[in-house]
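# Report on the structure
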Amino acid sequence: MKYQFLLFDLDNTLLDFNASEAYALRKIFEDRGIEFTNHINETYHRINKWCWTKFEENKINLKQLKPLRMELTLKELELDFDPNDFSKSYHDKLAETDFWVEGASQLIQDLAPHYELVIITNGIERIQKARLQNTGLTPYFSTIVISETIGVSKPNKAYFDYTFEQINHPPKEQCLVIGDSLSSDIKGGNEFGLDTCWHNFKNLENDRDIQPTYEINRIQDLKKILDN
């Protein structure tokens with residue numbers, strides 16, 4: 001068995017963050033009497049993507065990101081609401097969700113007896129822990145590393161240094177990083193000297209100078225790689 005440690009990203013790798021996000025966004029606007037339109041959705045997603053890029057580049061921290069994305073969204077939509085209140089409500093709604101990526105639940109159950117499973121996620125601690133609990137994922141993982149908890153995020157080397165300390169520094173050739181983000185999961189794993197598997201569930205063209213060791217379009221196809 002080539003790999004013994006499988007380091008999984010969480011959002012859009014095991015749990016369907018797109019579904020969680022869609023639910024939470026719609027709820028926080030509709031709860032305030034605002035029709036949730038495509039324009040609102042597209043505005044938030046564009047701003048949120050920009051904020052997370054700045055976060056990965058260490059230009060803002062997570063504490064700044066949380067209200068900033070709502071502040072910029074509300075400003076552009078010309079809505080007069082407290083961004084901190086909006087942000088808290090959004091996080092509360094995210095923490096209620098339990099959406100899986102198709103095939104992920106069975107995959108984890110199949111892998112758990114044979115591998116040491118690790119979660120590596122850039123995210124907000126209380127939301128990620130709640131979603132892991134809601135879906136029953138927590139017991140399958142020996143180690144769960146959340147960026148907010150440790151104060152550093154993927155793709156930074158310090159994030160992987162911390163993770164490897166938690167799993168007692170196994171040989172890097174025994175480890176495989178699995179995630180949907182080229183810029184955080186795959187780049188971080190590559191630069192740390194680990195094999196990587198890109199969960200390209202959107203069938204995107206890779207136009208980045210970031211090359212994964214493997215590429216899959218469905219998370220359950222990971223088993224084919226591990227069985228080879």
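These notes cover the structure that comes with them. (Residues numbered from 1 in each chain as written. Predicted model: local features only at pLDDT ≥ 70, side-chain atom pairs only at ≥ 80, totals over all residues. Heavy atoms only, no water.)

### Digging into helix H4 (residues 83-94)
It helps to recall that an α-helix has 3.6 residues per turn; residues three or four apart then point in one direction. With 12 residues, H4 ought to run about 16 Å at 1.5 Å a step, and its terminal C-alpha atoms sit 16 Å apart, in line with that. Within H4 the residues assigned to the buried category are Pro 83, Phe 86, Ser 87, Ser 89, Tyr 90, His 91, Lys 93 and Leu 94. Buried positions along H4 lie against helix H1 (17-30), helix H2 (38-56), helix H3 (62-77) and helix H6 (125-135). The N-cap of H4, judged by a side-chain oxygen 2.9 Å from the amide nitrogen of Asn 84 a few residues on, is Asp 82. (Helix = DSSP H or I, 4+ residues; strand = E, 2+ residues; numbered from the N terminus. Expected span 1.5 Å × (residues − 1). Buried < 20%, exposed > 50% of the residue type's maximum accessible area, 1.4 Å probe, protein only. Contact = heavy atoms within 4.5 Å. Polar contact = N/O pair within 3.5 Å; in protein donor to acceptor, adjacent residues only side chain to side chain.)

### Details of the nonpolar core
General note: in soluble globular proteins, nonpolar side chains tend to be found buried as a group. Leu 6, Phe 8, Leu 14, Leu 111 and Leu 222 are the most contacted members of the largest nonpolar core, which has 25 residues in total. Counting residues per element, the ones that place at least two in this core are strand E1 (5-8), helix H5 (104-111), strand E2 (116-121), strand E4 (175-179) and helix H10 (222-227). Apart from the residues lying within four places of it in its own chain, the contact partners of Leu 14 are Phe 8, Asp 9, Trp 100, Val 101, Ala 104, Ile 108, Ile 119, Leu 137, Phe 141 and Ile 219. (Core = buried A, V, L, I, M, F, W, Y, C linked by side-chain atoms within 4.5 Å.)

### Here's the deal with the sheet that holds strand E5 (residues 195-199)
Reading across from one edge, E3-E2-E1-E4-E5-E6 is the order of the six strands in this open sheet, with parallel pairing throughout. Single-partner strands in this sheet number two, and they are strand E3 (143-146) and strand E6 (214-216). This sheet shows a mean twist of 20° between the axes of neighbouring strands, independent of strand direction. Sheet topology places E1 next to E4; four bridges connect them, and they run parallel. Residue Leu 6 lies in a different strand from E4, and its bridge partner there is Leu 176. The strands touched by helix H9 (residues 182-191) within the sheet are E4 and E5, with E5 carrying the most contacts at an inclination of about 165°. (Pairing = 2+ DSSP bridges. Axes fitted to C-alpha atoms, helices over the stretch in contact; angles between N-to-C directions.)

### With respect to unusual backbone geometry
Residue Pro 155 is bonded to the preceding Lys 154 through a cis peptide linkage, with omega at 15°. Structurally, Pro 155 is set in the loop between helix H7 (147-150) and helix H8 (157-166). For Asn 58, which is not a glycine, the phi torsion comes out positive at approximately 65°. Located in the positive-phi region is Glu 78, a residue other than glycine, with phi close to 60°.

### Some remarks on the packing of H4 against H6
Two quantities define a packed helix pair, namely the angle between the helix axes and the distance between the axes. For the pair H4 and H6, interaxial distance at closest approach is 9 Å and the crossing angle is 20°. Taken together, the axis directions place H4 and H6 in an arrangement best described as roughly parallel. With respect to the hand of their crossing, H4 and H6 are arranged in right-handed fashion. When H4 is examined against H6, the residues Lys 88, His 91, Asp 92 and Leu 94 are found in contact with a partner set consisting of Arg 126, Ile 127 and Arg 131. Each residue belonging to the contact of H4 with H6 can be placed in one class, and the counts come to two nonpolar, one polar and four charged. (Parallel < 35°, antiparallel > 145°, perpendicular 65-115°, else oblique. Left-handed = near helix turned anticlockwise from the far one by under 90°. Nonpolar A, V, L, I, M, F, W, Y, C, P; charged D, E, K, R; others polar.)

### Re the pairing of E3
Relative to E3, E2 runs parallel, the two sharing four bridges. By the bridge assignment, Ile 120 is partnered in E3 with Val 145.

### Concerning the side chain of Thr 13
Tracing the sequence through the fold places Thr 13 in the loop between E1 and H1. Looking at Thr 13, its side chain comes within polar contact range of the side chain of Asp 9, at 2.9 Å. Setting aside residues up to four positions removed in sequence, Thr 13 forms contacts with Phe 8, Val 101, Ala 104, Ile 178, Gly 179, Asp 180, His 199 and Ile 219.

### Some details on the environment of Leu 14
Here Leu 14 shows up in the loop between E1 and H1. Overall, Leu 14 belongs to the buried group, its relative accessible area being 0%. When the C-alpha atoms of Leu 14 and Lys 75 are compared, they prove to be 33 Å apart, with 61 residues separating the residues in sequence.

That's the geometry; what it means functionally is another story.
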